[in-house]
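One-letter residues, chain by chain:
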Amino acid sequence: MASITINHTFSRNPNISFHPQNPLTQTQALFNFKPSISKCSPIIRCAIRRRPEYTPSHIPDPNYIRIFDTTLRDGEQSPGATMTTKEKLDVARQLAKLGVDIIEAGFPASSEADLEAVKLIAKEVGNGVYEEGHVPVICGLARCNKRDIDKAWEAVKYAKKPRIHTFIATSEIHMKFKLKMSRDEVVEKARSMVVYARSIGCEDVEFSPEDAGRSDPEFLYHILGEVIKAGATTLNIPDTVGYTVPSEFGKLIADIKANTPGIGDVIISTHCQNDLGLSTANTLAGACAGARQVEVTINGIGERAGNASLEEVVMALKCRGEQVLGGLYTGINTQHILMSSKMVEEYTGLHVQPHKAIVGANAFAHESGIHQDGMLKHKDTYEIISPEDIGLNRANESGIVLGKLSGRHALQAKMLELGYDIEGKELEDLFWRFKSVAEKKKKITDDDLIALMSDEVFQPQFVWQLENVQVTCGSLGLSTATVKLIDADGQEHVSCSVGTGPVDAAYKAVDLIVKVPVALLEYSLNAVTEGIDAIASTRVLIRGENGHTSTHALTGETVHRSFSGTGADMDIVISSVRAYIGALNKMLSFRKLVSKHSKPEGSAVV
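Everything numeric here is computed off the predicted structure, so don't read it as measured data. (Residues numbered from 1 in each chain as written. Predicted model: local features only at pLDDT ≥ 70, side-chain atom pairs only at ≥ 80, totals over all residues. Heavy atoms only, no water.)

A. Region of the structure containing the overall build of the protein. If you tally the helices and strands in the protein, you get 17 helices and 16 strands. Buried residues in the protein amount to 57% of all 606 residues. If you take every contact in the protein between residues at least 6 apart in sequence, the share linking residues at least 24 apart comes to 68%. In the structure as shown, the protein presents an accessible area of about 25400 Å², 53% of it carried by carbon and sulfur atoms. (Helix = DSSP H or I, 4+ residues; strand = E, 2+ residues; numbered from the N terminus. Buried < 20%, exposed > 50% of the residue type's maximum accessible area, 1.4 Å probe, protein only. Contact = heavy atoms within 4.5 Å. Areas by Shrake-Rupley, 256 points an atom, 1.4 Å probe, with all protein chains shown as cover.)

Dropping the structure here:
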């Protein structure tokens, strides 16, 4: 009898389809399963289940893992990862399309701009209906004080499923040196603020004991029991500084489950930082020990070394969930992973390293002769998951070869094959960028198209747009640059400048037009593909001299925001200028949003 494997993609289709050689159709029919083939194992795996109906403190299926995405909150705390409101909304829509259960949209009390961004996401994404009728929970972070909680509720209350996530530190080192509070004071503050969050109308309240990984377990049992009685629906156990190892963290979750009064009436969650590179392993250990919500970010971005990576955790559950992880599964549509990764990468300017698991450029590349030989004989020899599972198509199965004579429909079909569903103005803009490159470059690769896509579609809303740039440089004289920009009203502005090199001259010419003093913090330039005619990809990081500030969620300190920009072109100067203007546009858009509010953006939080 032939064996079969079954993916963890859920389906509500009542017309059940089965593999002709699958002997378990009767059992699957009882659960409305829809099997499909996966590479992860040659044995029968757990079939696809529907996403359970959402109840804040209960999950009907004990094997279902809620995915809590904090890319827009913890992820945006990465230096240079600041996103505009439009970009945050785009990411939130993509996360909903991906199928995450909860979107932590931000920290509303940190600034009026963040409050408005979370509110917009709550109104639009929090009331949208996505695949299989899914509506994501929209969550706002708040420290344990009334002002933070009021701001969070003001932002998320417009969502169909709003949640407030409040936290206070519980480790001895944090209580003594940061909070300067006794244990009893911390317990009372946590209890009273959960009560307050419930009293203002929020029926879904998550509580986190910050630095739980270094907290006294007996104290954790006590404070968690108190917030359960106060009305918390989810208890998040954060390894805030990435201190624990999987055996420790799994035991911590198991002990909390065994010793906390009332724990059966709430959901246990994990939030693992990656300081020792163990965040994904710790998250999986926590899930195996009884946690049924995991807090993750796209590409693992976040404070310091980052967070548990959504794509790693989800694909580990999909690939090994049935064999070794107790049948655990999620509601994530994994075919949207690659697009989500690229969007976050481009909007934050935080590029994924080539060897990054699941979404790195080398994740499905095989250069070793031994590996290539095995792949040619049978792909399962060196691939435990299919690239198509995350939305990556390596081969051009449609037979389309793009060149300077290709039309819009061919380009659209190719981009869809690469995982990008674009149309309208986005397709039109990309088409003309593609045509300009095709006129100069004989062979257009998939990487070229992805670079152009990122540069054209993932750019921030423009305040200034590059029209032309001309440079003269060399060893015989000063480098000079002439730049023509178009403002939001369609007016043309031209400026000339000299510099120590062509990029420096071009940036100074841009500065003469924009008239906003900034400091260039980082500049990097990479070739997208091999060859002398490769497209150049540039990333810059800037900070305004009169920098924007906000309140840090964990420390309460005022932090200065920096803004990233990316550009791509066959000409390295044009690529560099596009990146610089992208960063300026992001900063100016953020400044424009802040100016709409009378209260200073960096106002203290009490």
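B. Examining the sheet that holds strand E10 (residues 479-487) more closely. Strand order in the open sheet formed by three strands is E9-E10-E11, with antiparallel pairing between adjacent strands. Since the sheet does not close on itself, it has two edges, and those belong to strand E9 (464-472) and strand E11 (492-499), each with one partner. Between one strand axis and the next, the sheet turns by 20° as a mean value, whatever way the strands run. Judged from the eight bridges that link them, E10 and E11 form a sheet pairing that is antiparallel. Its bridge partner being in E11, Leu-485 is matched across the sheet by His-493. Sheet strands in contact with helix H16 (residues 502-514) are E9, E10 and E11, and its direction is about 140° off that of E11. (Pairing = 2+ DSSP bridges. Axes fitted to C-alpha atoms, helices over the stretch in contact; angles between N-to-C directions.)

C. Fine view of the pattern of salt bridges. Applying the stated criterion to the full structure yields 33 salt bridges. For Lys-88, the salt bridge goes to Glu-76, with nearest N and O atoms at 3.2 Å. In this pair, Lys-88 sits in helix H2 (residues 85-98) while Glu-76 sits in the loop between strand E1 (66-69) and H2, placing the two residues twelve residues apart along the sequence. By relative accessible area, which is 10% here, Glu-76 ends up buried. (Salt bridge = Lys/Arg side-chain N within 4 Å of Asp/Glu carboxyl O.)

D. Looking closely at helix H7 (residues 217-230). Its 14 residues place the ends of H7 20 Å apart at the C-alpha level, agreeing with the 20 Å of an ideal helix rising 1.5 Å per residue. Of all the 14 residues making up H7, ten are buried; the element is thus mostly covered by neighbouring parts of the structure. For H7, the set of buried residues is Phe-219, Leu-220, Tyr-221, Ile-223, Leu-224, Gly-225, Glu-226, Val-227, Ile-228 and Ala-230. On its buried face, H7 sits against helix H5 (172-179), helix H6 (183-199), strand E5 (205-210), strand E6 (234-239) and helix H8 (246-259). Taken from the residues just after H7, Gly-231 is the one with a positive phi, measuring 120°. (Expected span 1.5 Å × (residues − 1).)

E. Structural detail: helix H13 (residues 408-417). Within H13 the residues assigned to the buried category are Leu-411, Lys-414, Met-415 and Glu-417. When H13 is viewed along its axis, its buried side chains cluster within an angular range of 155° and face the same direction. With respect to the buried face of H13, the exposed residues turned more than 90 degrees away are His-409 and Leu-416. Following H13 by one or two positions, Gly-419 has its phi on the positive side, about 100°. (Arc of directions from axis to C-beta.)

F. A look at unusual backbone geometry. Its identity is not glycine, yet Asn-299 carries a phi of approximately 65°, on the positive side. Take Asn-299: its relative accessible area is 10%, and that puts it in the buried class. Although it is not a glycine, Lys-515 adopts a positive phi angle of roughly 60°. Tracing the backbone through its elements, the reader meets Lys-515 in the loop between H16 and strand E12 (518-527).

G. The arrangement of the side chain of Asn-333 in detail. Counting through the fold element by element, Asn-333 comes out in the loop between helix H10 (310-320) and helix H11 (337-348). The exposure class assigned to Asn-333 is buried, which follows from its relative accessible area of 11%. Excluding residues within four positions of it along the chain, Asn-333 makes contact with Lys-97, Leu-98 and Glu-131.

H. Layout of a nonpolar patch on the surface. Together, Leu-520, Tyr-523, Leu-525 and Ile-572 line one region of the surface with nonpolar side chains, adding up to about 330 Å² of accessible area. In terms of residue count, the dominant contributor to the nonpolar patch is E12 (three residues). Tracing the chain through its elements places Ile-572 in helix H17 (residues 572-595). Owing to a relative accessible area of 44%, Ile-572 belongs among the partly exposed residues under this scheme. (Patch = residues over 30% accessible without salt bridge, like charges linked within 9 Å, V, L, I, M, F, W, Y side chains within 5 Å.)

I. Region of interest: the packing of helix H3 (residues 112-124) against helix H4 (residues 146-156). Viewed as axis vectors pointing N to C, H3 and H4 meet at an angle of 40°, and their least axial separation amounts to 7 Å. Along its contact with H3, which presents Glu-112, Leu-115, Val-118, Lys-119 and Ala-122, the element H4 presents Lys-151, Glu-154, Ala-155 and Val-156. Within the contact of H3 with H4, the residues separate by chemical class into five nonpolar, no polar and four charged. (Nonpolar A, V, L, I, M, F, W, Y, C, P; charged D, E, K, R; others polar.)

J. A look at the sheet that holds E1. Within the closed barrel, the eight strands sit side by side as E1-E2-E3-E4-E5-E6-E7-E8. Their pairing is parallel. Each strand axis lies, on average, 25° off the axis of its neighbour in the sheet, ignoring direction. Where H4 meets the sheet, it contacts strand E3 (137-143) and strand E4 (162-169), and its direction lies at approximately 165° from that of E3. Sheet contacts for helix H9 (residues 279-288): E6, strand E7 (267-272) and strand E8 (293-296); angle to E7, the most-contacted strand, approximately 170°.

Shape descriptors only; they carry no functional weight alone.
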